[in-house]
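Chain residues, written in single-letter form:
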Amino acid sequence: MIRTLVGVLGALSALFPDEIVELFEKLAIANPSEGTVRGWVRPAVRSEGVLIAAISLFNGRAYTWLMNLTGLFGAIVLLFPDLYRRFATAFLYERPESIEWNERFKSAVRAIGALYVFFAAKTYRERHNDT
């Protein structure tokens, strides 16, 4: 089930990268009209979505690697949400100093991190219970 969910989310990112970026900004950024995402962000969201959707079609080493990476990212975001916000701001925006994050998004970042860790752990457990 997780593999299907991950695949669908990847497909949605591949098909609608502009909408994904706009939704992220609407939820996460207090002043989305002030910032300009870097030119490579939308194509990167699309490419990441294609890669995730393709990997999710198969339950092999690539999927295992993807879920391990998801768990690692989730743990970092869960434990260090402010670090994630500083990094994301500098990485994604042309003028990072103009970006103001919604304070309530800090809880959402932690929740997303916890969900990623849960998905990775559940996938790990399922993988090891099958052997």
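Fair warning: this is a prediction, and the values are worked out from it, not measured in the lab.

## Considerations on the nonpolar core
Move 1: Core analysis: the biggest nonpolar cluster contains 15 residues, and Ile29, Val41, Tyr84, Tyr93 and Trp101 have the highest contact counts within it.
Move 2: Those elements that provide at least two residues to this core are α2 (17-28), α3 (41-56), α5 (81-92) and α6 (105-129).
Move 3: No other element matches α5, which puts 3 residues into this core.
Move 4: Look past the residues within four positions of isoleucine 29 in its chain and what remains in contact with it is Phe24, Tyr93, Ile99, Glu100, Trp101 and Asn102.
Move 5: Within the second largest apolar cluster, 8 residues are counted, among which are Ile2, Ile55, Leu66 and Met67.

## Things to note about the environment of isoleucine 76
Move 1: The residue isoleucine 76 is located in helix α4 (residues 61-79) in this model.
Move 2: Each C-alpha atom of the pair isoleucine 76 and asparagine 129 lies 26 Å from the other, and the pair is 53 residues apart in sequence.

## Concerning the UniProt feature "transmembrane region" (unreviewed entry) in the chain
Move 1: The feature "transmembrane region" (unreviewed entry), as given by UniProt, occupies residues 62-80 in the numbering adopted here.
Move 2: From the first C-alpha to the last, residues 62-80 spans 27 Å; its make-up is 95% helix and 0% strand.

## Details of the pattern of salt bridges
Move 1: With the rule as written, the count across this model stands at 5 salt bridges.
Move 2: Note that aspartate 82 is salt-bridged to lysine 106, the shortest N-O span being 3.1 Å. Here aspartate 82 is found in helix α5, whereas its partner lysine 106 is found in helix α6, with 24 residues between them in sequence.
Move 3: Salt-bridge contacts for glutamate 103 lead to arginine 85; the nearest nitrogen and oxygen are separated by 3.7 Å. With glutamate 103 in the loop between α5 and α6 and arginine 85 in helix α5, this pair connects stretches of sequence that are 18 residues apart.

## A short note on the packing of helix α1 (residues 2-15) against α3
Move 1: Put simply, α1 and α3 touch, their axes get as near as 7 Å, and they point 150° apart. Between α1 and α3, the angle is such that the two are roughly antiparallel. Of the two possible hands of crossing, α1 and α3 adopt the one that is left-handed. Only Val45, Arg46, Gly49, Val50, Ile52, Ala53 and Ser56 of α3 make contact with α1, whose side of the interface consists of Arg3, Val6, Gly7, Gly10, Ala11, Ser13, Ala14 and Leu15.
Move 2: Residues belonging to the contact of α1 with α3 are distributed by class as follows: 8 nonpolar, 5 polar and 2 charged.

Conventions we followed
- Residues numbered from 1 in each chain as written.
- Predicted model: local features only at pLDDT ≥ 70, side-chain atom pairs only at ≥ 80, totals over all residues.
- Heavy atoms only, no water.
- Core = buried A, V, L, I, M, F, W, Y, C linked by side-chain atoms within 4.5 Å.
- Buried < 20%, exposed > 50% of the residue type's maximum accessible area, 1.4 Å probe, protein only.
- Helix = DSSP H or I, 4+ residues; strand = E, 2+ residues; numbered from the N terminus.
- Contact = heavy atoms within 4.5 Å.
- UniProt positions renumbered as here; feature names shortened; annotations may be inferred.
- Salt bridge = Lys/Arg side-chain N within 4 Å of Asp/Glu carboxyl O.
- Axes fitted to C-alpha atoms, helices over the stretch in contact; angles between N-to-C directions.
- Parallel < 35°, antiparallel > 145°, perpendicular 65-115°, else oblique.
- Left-handed = near helix turned anticlockwise from the far one by under 90°.
- Nonpolar A, V, L, I, M, F, W, Y, C, P; charged D, E, K, R; others polar.

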